[in-house]
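# Understanding the architecture of this molecule
Single-letter residue listing:
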Amino acid sequence: MTVRAKKHLGQHFLEDESIAQQIADSLSLKGYNDVLEIGPGMGVLTKYLLKKDTTTHVIEIDTESVDYLKNNYLHLADRIIEKDFLKYDLNLVFEDKPFAIIGNFPYNISSQILFKTLEMRDQIPEFSGMFQKEVAMRICSKEGSKVYGILSVLTQAFYDAEYLFTVPPTVFNPPPKVDSGVLLLKRKENYDLPCDEKLFFRVVKTGFQQRRKTLRNSLKTFNLSDNLKANIIFGQRPEQLSVAQFIELTSLIENDEN
Ligand code: SAH
């Protein structure tokens, strides 16, 4: 018995064992004892994780997949969380301990998976897995690139992001419409930002809402002083600013006397 793929859960099962192994091997397993796989499905990736010197947990929303895992991976049974990753309080399991995230993720919730990871960054030193290629490239892209955006800046403020390799639709059942891409995020040694972190998120999100406009225009709602707005950084468009410059911009806004 195998699991019948359900579209609304973003189910595309990976059938290439060597790709599954390559993804599992991408984590360093250093600095933490637990790994959480999001959306294990029938466990193609899970079985390689279980061979490693780490404690593997999985979170899966689909009852049919959970039943499959319970029947086929007996040792995993106690570490299957049958919940929605986006809604579940992970500290009920991890109790503030660090853990890595891995998965061939459900593509319909890619950005939300990443945002939740960023929120929990204090506990997540490493993150590896598969997204739609376009999303994976976006997360890893640098300023000046057409696809550079909110996900790139917010992720790279805290993590070093590396695009590992592309995966074609043919290795999945059913095949998705687009290519997939595997990426690896490693948390920076010092990931405390030298500016107000909440304000940083707001500045980046607001700045990119109108990516064609200068920051002077798109950040109007921040009520900045004329003096500050004269700074040349405000003449730039968001896609031109590096992560370091977004941090600098946030500090300037934070210290604006208005
Ligand atoms: N990792 C498997 C399955 C990938 S498909 C493989 O590579 O073959 C994506 C998986 O994520 C599916 O099993 C789906 O049921 C699960 N999923 C979808 N939304 C989820 C959510 N919100 N929380 C947890 N799992 C979810």
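Overview of the structure. None of the values given here were measured: they were computed from a predicted structure. (Residues numbered from 1 in each chain as written. Predicted model: local features only at pLDDT ≥ 70, side-chain atom pairs only at ≥ 80, totals over all residues. Heavy atoms only, no water.)

Let's shift gears to the site of the ligand. Neighbouring the ligand are 21 residues, the closest being Gln11, Gly39, Glu60, Asp84 and Asn104. Contact distances for the ligand include 2.5 Å between an oxygen atom and a side-chain N or O atom of Glu60. Between the ligand and Asn104 there is a distance of 2.6 Å, counted from an oxygen atom to a side-chain nitrogen or oxygen. Isolated, the ligand exposes 570 Å² of accessible area, and the fraction of that covered by the protein chains is 97%. At a threshold of 2 Å from the grid points, most atoms of the ligand map onto the largest pocket. (Near = heavy atom within 4 Å. Polar contact = N/O pair within 3.5 Å; in protein donor to acceptor, adjacent residues only side chain to side chain. Areas by Shrake-Rupley, 256 points an atom, 1.4 Å probe, with all protein chains shown as cover. 1 Å grid on protein atoms, 1.4 Å probe; cavity = no way out; pocket = protein on both sides within 12 Å on 5 of 7 lines; lining within 4 Å. Sits in = over half its atoms within 2 Å of the grid points.)

Relative orientation and spacing of two packed helices are given, respectively, by the angle between their axes and the distance between those axes. Contact geometry of helix H6 (residues 133–140) with helix H7 (residues 150–158) gives a least axis separation of 7 Å together with a crossing angle of 55 degrees. On the basis of their axis angle, the class for H6 and H7 is oblique. Crossing of H6 against H7: the hand is right-handed. Note on element contacts: H7 touches H6 through Leu151, Ser152, Thr155 and Gln156, opposite Val135, Arg138, Ile139 and Cys140. Among the residues making up the contact of H6 with H7, the classes are represented as four nonpolar, three polar and one charged. (Axes fitted to C-alpha atoms, helices over the stretch in contact; angles between N-to-C directions. Helix = DSSP H or I, 4+ residues; strand = E, 2+ residues; numbered from the N terminus. Parallel < 35°, antiparallel > 145°, perpendicular 65-115°, else oblique. Left-handed = near helix turned anticlockwise from the far one by under 90°. Contact = heavy atoms within 4.5 Å. Nonpolar A, V, L, I, M, F, W, Y, C, P; charged D, E, K, R; others polar.)

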